[in-house]
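Descriptive analysis of the structure
One-letter residues, chain by chain:
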Amino acid sequence: MISAHIAVLDAQGTVVAVNEAWRRFALDNGGNRETARPVGVNYLALCEAAAGSGADATPPAALEGIRAVLEGALPHFTLEYPCDSPDAQRWFVMSVHPMAGRRGGVIVAHEDITARKLAEEDLRQSERRYRELVSAVPGAVYSFRVDAEGRRSFPFVSEGVGGLAGLSPGEVVADAEAAFQRIPAEAMPALEQSIRASLEGLSPWMHEFPIRTASGEEKWLRGQSLPRREADGATVWHGVFIDITERKRAEEALRASEDRYRDL
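As the structure is a computational prediction, the values presented were derived from the model and not from experiment.

1. What to know about helix α9 (residues 188–201)
Two residues of an α-helix separated by three or four positions point the same way, owing to the 3.6 residues in each turn. An ideal rise of 1.5 Å per residue puts 20 Å on 14 residues; α9 measures up with 20 Å between its terminal C-alpha atoms. Those residues of α9 that fall on the buried side of the exposure criterion are Met 188, Leu 191, Ser 194, Ile 195 and Ser 198. Seen from one end, α9 has its buried residues packed into an arc of 130°, which puts them on one side. Facing away from the buried side of α9 by over 90 degrees, the exposed positions are Pro 189, Glu 200 and Gly 201. Where α9 is buried, its residues touch β6 (140–146), α8 (176–180), β8 (205–212), β9 (218–229) and β10 (235–243). Backbone geometry just after α9 places Leu 202 at a positive phi near 50°.

Right, here's the structure in full:
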């Protein structure tokens, strides 16, 4: 059974037929027999009357779209709009397509997309909560990927990477090598070896390494993550980078103090 509420309009915009779903929806939402069977009513006039109230932007947009298809200015027209009832929040999509034949006219269909809209809103809220949680984590949360051919990328990096490396998440995601270029050349062999060992054995990765920011400042980071092999042969690590610069400086100061003590 077709769930869309369908009305057929002639070239002047007059309703010539509606389907059972249209009639059922009108009756279920407080309509009467006249609104449930609006044959002979000019649909454009209804939209004009609703647009004249100025309370809702949907009728003017619908009126413009239907006229454009009737006049051949558009091949078709689509509009998503809210249509709340006293006890529920609802969304519909209206699609308008021209009728074949010399007489013209259009088919107007309204489909309930409330479930999809609610799911999209839930997803947006979930993403917002996720980003708030990630932003509260010290350091930077990331996903690192090595595909079957050995190409490296960062599918995701949190905003915290700016404070660690002086790079924006967009820069790192667009070009993974931009992050590796901040690591001193003498530190790269040990880092590369640690990544290879984790990839080959699917073992947890943890490594401490220096990095130079855009201003030339050297920092120390500790990276740790867990790898997972994907169906296409790629390996993905999800983990976190943490700034350990102060700890490294404290360790260096301690070593210098111990060296002076031994000299004494």
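2. Some details on unusual backbone geometry
Positive phi outside glycine occurs at Leu 202, with the angle close to 50°. Looking at the element boundaries, Leu 202 is found in the loop between α9 and β8.

3. Remarks on helix α4 (residues 58–70)
In this model α4 runs 18 Å from its N-terminal to its C-terminal C-alpha over 13 residues, within 8% of the 18 Å that 1.5 Å per residue would give. Among the residues of α4, Thr 58, Pro 59, Ala 62, Leu 63, Gly 65, Ile 66, Ala 68 and Val 69 are the ones counted as buried.

4. Focus on the pattern of salt bridges
The full count for this structure, using the stated rule, is 17 salt bridges. For Glu 246, the salt bridge goes to Arg 249, with nearest N and O atoms at 3.3 Å. Note that Glu 246 and Arg 249 are positioned in helix α10 (residues 245–263) at a spacing of 3 residues, about one turn of the helix. Given a relative accessible area of 57%, Glu 246 falls into the exposed group. Several salt bridges share partner residues, and in doing so they unite Glu 80, Arg 116, Lys 117 and Glu 120 into one network.

5. Looking at the sheet that holds β8
Each strand in a sheet pairs with its neighbour through backbone hydrogen bonds, running either in the same direction (parallel) or in the opposite one (antiparallel). Strand order in the open sheet formed by 5 strands is β7-β6-β10-β9-β8, with antiparallel pairing between adjacent strands. Sheet topology places β7 (152–157) and β8 at the edges, where each strand pairs with a single neighbour. On average, adjacent strands in this sheet sit at an angle of 30° to one another, irrespective of strand direction. Sitting on the sheet, α9 is in contact with β6, β7, β8, β9 and β10, with an inclination near 155° to β8. Lying on the sheet, α10 is in contact with β8, β9 and β10; it crosses β9 at an angle near 125°.

6. A few points about the packing of aromatic side chains
For the structure on display, the rule yields 11 aromatic pairs. Look at Tyr 142 and Phe 154: their rings are 6.2 Å apart centre to centre, the planes differ by 70°, and that puts the pair in the edge-to-face class. Highlighted residues: Tyr 142 in strand β6 and Phe 154 in strand β7, separated in sequence by 12 residues. Across this residue pair, the class does not change: Tyr 142 and Phe 154 are buried.

7. Let's talk about the pairing of β8
Across 8 bridges, β8 lies against β9 in antiparallel orientation. What sits directly across from Pro 210, in β9, is Trp 220. Between β8 and β9, which pair antiparallel and follow one another directly, the connecting turn spans 5 residues, one of which, Gly 216, has a positive phi of 95°.

What counts as what
Residues numbered from 1 in each chain as written. Predicted model: local features only at pLDDT ≥ 70, side-chain atom pairs only at ≥ 80, totals over all residues. Heavy atoms only, no water. Helix = DSSP H or I, 4+ residues; strand = E, 2+ residues; numbered from the N terminus. Expected span 1.5 Å × (residues − 1). Buried < 20%, exposed > 50% of the residue type's maximum accessible area, 1.4 Å probe, protein only. Arc of directions from axis to C-beta. Contact = heavy atoms within 4.5 Å. Salt bridge = Lys/Arg side-chain N within 4 Å of Asp/Glu carboxyl O. Pairing = 2+ DSSP bridges. Axes fitted to C-alpha atoms, helices over the stretch in contact; angles between N-to-C directions. Phe/Tyr/Trp six-rings, centres within 6.5 Å; stacked < 30°, edge-to-face > 60°.

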